[in-house]
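A look at the structure
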Amino acid sequence: MPTPPTPAGAERERTDGSALRIGALVPLTRPGWVEAGRHLLAGLELAVREANDAGGILGRPLELLVRDTAADPGQAAAAVDDLARLGAAAVVGEYHSVVARAAAARADALGLPFLCSSAVLDALTEQPTEWVARLAPAQSHGWRIYGDFLLGAGHRRIAVAAAQSVYWASGTRVLRDHLAPRGGTVLALDPDALTPAAVCDALAENRATALLLLVGLPEPAVPIVRAVRRDPRLAGVMMGAPAGQPEFAEWAELLGGDGAAIPFLRYLPECLGPLGARVGAALRERLGQAPSFVAFEGYDTVTVLAEVLRAHGAERARIAGAWPHIAVEGTRGPIRFSRVPGIGVRQWAWAPVQVVDRDPADPARFRVLHTG
């Protein structure tokens, strides 16, 4: 694998006995999904702290260099440049798919390993690369499981309120391609052009039995949910949010009982093993609330990278070359990377996938509706 030139000074910073630097891309300000970013960062930081408490990596402490992406692809690409200049051995993190795609492209161009924690867009890179690996399941995998859930629940006429985004367009296409051969139809609604009341009218006119919210939080998700809940014509319509908006406390705080019974994708096993249970307790203490699957993704990211550094050292090309050879016990199961058809990066195939909702009887409690 060709090794691009290392930025001036970077090798010195990585070989003089100082800290091993890891860059972390996290959405911490709006319009980024701040709560997801906070959970992701909590997982990253916990794993770094534990690694350092255990003596670091080959006697050297890990140092996390955090950069806020604010859901901005350009800001993320600039952060990758900055982290490469500062001598980071690798970059980790990011939640938003379009942002992770920009970061992956820049990391690939610079020869800087990037271990993506949470973004799911299939086309994370335009061409296959050895520099990028990913923990989160590809969108086509998870969203097909969600499609199976819809069909199993008897839904064939499905509407999607989809904002303008490569990510939402990709999700809509995955669902349409998966459902059509099985008798399902997908009606696309533009929430930027339609008021919540107009969305309700379209649902009633087209006799949709399910509405999927492929939109941001709080706007326009909250007003659409409230409008549908209050429309007597739509009493039998199920709402869903495959991207996972209801996972976070902000959803419950904004919507209360209206936010219950809205199924979403979550990347956790039904039962955590001893490692997952221990990490979950530590994350709960750190966050002051139940950790989301995103926090576990953050922890697993650093766990994987720490093992790579121990076994292969901190030279960038050696890190990237180690992806297909690593095997690590993560919080959600054994992690290995492989080549998956149609995916250009090294992929964990797959993290466990659940379809979950908040229990109407107790919106603080989650119900597992389907697994895949």
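Position numbers for residues start from 1 in each chain and track the written sequence from start to end. The predicted origin of the model limits local features to residues at a pLDDT of at least 70 and limits the giving and counting of side-chain atom pairs to 80 or more, whereas totals for whole chains, interfaces and linings rest on all residues. Computation of side-chain values covers all heavy atoms of the structure but excludes hydrogens and water.

So, about the confidence of the model for the protein. For every residue, the predictor reports its confidence as pLDDT, a number between 0 and 100. On average, residues of the protein score 94 in pLDDT, and 95% of them are at 70 or above. Under a pLDDT of 50 for its full length, residues 2-15 has, in the predicted model, 30 contacts with residues more than four places off or in other chains. The contact rule is simple, with two residues in contact once any of their heavy atoms fall within 4.5 Å.

It is worth spelling out the environment of Arg316 at this point. Summarising the element assignment, Arg316 is placed in helix α12 (residues 316-322). Sequence spacing of Arg316 and Leu268 is 48 residues, and the spatial spacing of their C-alpha atoms is 30 Å. Numbering of helices and strands runs from the N terminus; a helix is a DSSP stretch of H or I covering at least four residues, while a strand is a stretch of E covering at least two.

Let's shift gears to helix α7 (residues 196-205). For every residue, the accessible area obtained with a 1.4 Å probe (protein chains only) is divided by the maximum for its type, and the residue is called buried under 20%, exposed over 50%, and partly exposed between those limits. Of all the positions in α7, only Val199, Cys200, Ala202 and Leu203 are classed as buried. The buried residues of α7 occupy an angular sector of 160° when projected down its axis, which confines them to one face. Turning to α7, the residues buried within the fold contact β6 (157-162), β7 (185-189), β8 (210-214) and α8 (221-229). Count one or two residues on from α7 and you reach Arg207, which has phi positive near 55°. What the arc measures is the spread of directions leading from the helix axis to the C-beta atoms.

Right, let's get into the sheet that holds β6. Sheet strands pair via backbone hydrogen bonds, and the direction of the pair is either parallel or antiparallel. DSSP calls a pair of strands paired once it identifies at least 2 bridges connecting them. Spatially, β7-β6-β8-β9 is the arrangement adopted by the four strands of the open sheet, whose pairing is parallel. Since the sheet does not close on itself, it has two edges, and those belong to β7 and β9 (238-240), each with one partner. Ignoring strand direction, the axes of neighbouring strands in this sheet form an average angle of 25°. Judged from the three bridges that link them, β8 and β9 form a sheet pairing that is parallel. For every element, the axis is a line fit to its C-alpha atoms; helices are fit only across the contacting stretch, and the angle between N-to-C directions ranges from 0 to 180 degrees.

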